[in-house]
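In case you want the letters, here they are:
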Amino acid sequence: MLDVGNMNDWQRKSPLDWETYVNKMVKVAAIEKQEYEGWVLTVDPVSASIVLATFLENEKVSVSVVLGHAVQEVEILKEGDDETKQRLSCIFAPQETKAYSPEEHEKRKNDLKTWLETNHIPVMEQGESGRTLCVAGVLTIDPPYGPEECRSSNEIILSRVQGLIQGYLEKQQ
């Protein structure tokens, strides 16, 4: 039998319970009469800590974490609309990713793939949606298909392909 010791009600919830709070404006009552308000980005499944986002002026965002053991009560204040959900989903996205639409990602991928093939570099699409390019079976390139998105355990190939892509992108501009 697992001794839950001093676990509070919030910590005893399951990840599926916590998921119902994501993308909602909440008020969190914590120990020592502390109160926090914000949009729930996520709840850590191990510590039950709540990650809250608050939108400030000039497109800035404040992110705070309420540790799971300190949570006493969570009250849902309002549901997030589609725009709010979109803003929340972009908070931790890399800067480059935000700038491209799905159509632009597709065009960048196809242009890079064509360029690699033209230069006799074996490349194929992989993954469920074919979003990832795989070079010679040893290197992958994820959106938005720049040198930083290259992954390989072979550092020599990684460095050379990153250099090629950097040169290719500089010529595109």
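Residues numbered from 1 in each chain as written. Predicted model: local features only at pLDDT ≥ 70, side-chain atom pairs only at ≥ 80, totals over all residues. Heavy atoms only, no water.

S.K.: Would you take a moment to explain a nonpolar patch on the surface for this structure?
M.R.: Judged by side-chain polarity, V61, V63 and F92 come together as a nonpolar surface patch covering roughly 270 Å² of accessible area. Topologically, F92 is positioned in the loop between α3 (82-89) and α4 (95-98). Classification of F92 as exposed rests on a relative accessible area of 62%. (Patch = residues over 30% accessible without salt bridge, like charges linked within 9 Å, V, L, I, M, F, W, Y side chains within 5 Å. Areas by Shrake-Rupley, 256 points an atom, 1.4 Å probe, with all protein chains shown as cover. Salt bridge = Lys/Arg side-chain N within 4 Å of Asp/Glu carboxyl O. Helix = DSSP H or I, 4+ residues; strand = E, 2+ residues; numbered from the N terminus. Buried < 20%, exposed > 50% of the residue type's maximum accessible area, 1.4 Å probe, protein only.)

S.K.: Even after reading the chapter, I still don't get the packing of aromatic side chains, so can you show me in this structure?
M.R.: Across all of its chains, the model carries 3 aromatic pairs by this definition. Ring geometry for W10 versus Y21: centroids 5.1 Å apart, planes at 75°, classification edge-to-face. In this pair, W10 sits in helix α1 (residues 9-12) while Y21 sits in the loop between α2 (15-19) and β1 (24-30), placing the two residues 11 residues apart along the sequence. Seen from their ring centres, W115 and Y168 are 4.8 Å apart, and the 35° between their planes marks the pair as tilted. Here the residue W115 occupies a position in helix α5 (residues 102-118), and Y168 occupies one in helix α6 (residues 155-172), the gap between them amounting to 53 residues. (Phe/Tyr/Trp six-rings, centres within 6.5 Å; stacked < 30°, edge-to-face > 60°.)

S.K.: Mind showing me how you'd approach the pairing of strand β2 (residues 35-43) here?
M.R.: The two faces of a sheet get side chains in turn, since along a regular strand they alternate between them. Two strands pair when backbone bridges link them, and β1 and β2 are joined in this way by 5 bridges, in the antiparallel orientation. What sits directly across from A29, in β2, is E35. Hairpin connection from β1 to β2: 4 residues lie between these consecutive antiparallel strands, with E32 at a positive phi of about 60°. (Pairing = 2+ DSSP bridges.)

S.K.: Hey, could you run me through the layout of surface pockets in this one?
M.R.: Unfilled space is identified by rolling a water-sized probe across the atoms. What the largest pocket holds in volume is close to 290 Å³. Taken together, 16 residues make up the lining of the largest pocket; nearest its centre are Y100, R108, P144, Y145 and L169. Every element with two or more residues in the lining of the largest pocket is listed here: α5 and α6. Top element by residues in the lining of the largest pocket is α5. It accounts for 4 residues. The residue makeup of the lining of the largest pocket, split by class, is 7 nonpolar, 3 polar and 6 charged. (1 Å grid on protein atoms, 1.4 Å probe; cavity = no way out; pocket = protein on both sides within 12 Å on 5 of 7 lines; lining within 4 Å. Points joined across faces, edges and corners; volume = space filled by probe spheres on them. Nonpolar A, V, L, I, M, F, W, Y, C, P; charged D, E, K, R; others polar.)

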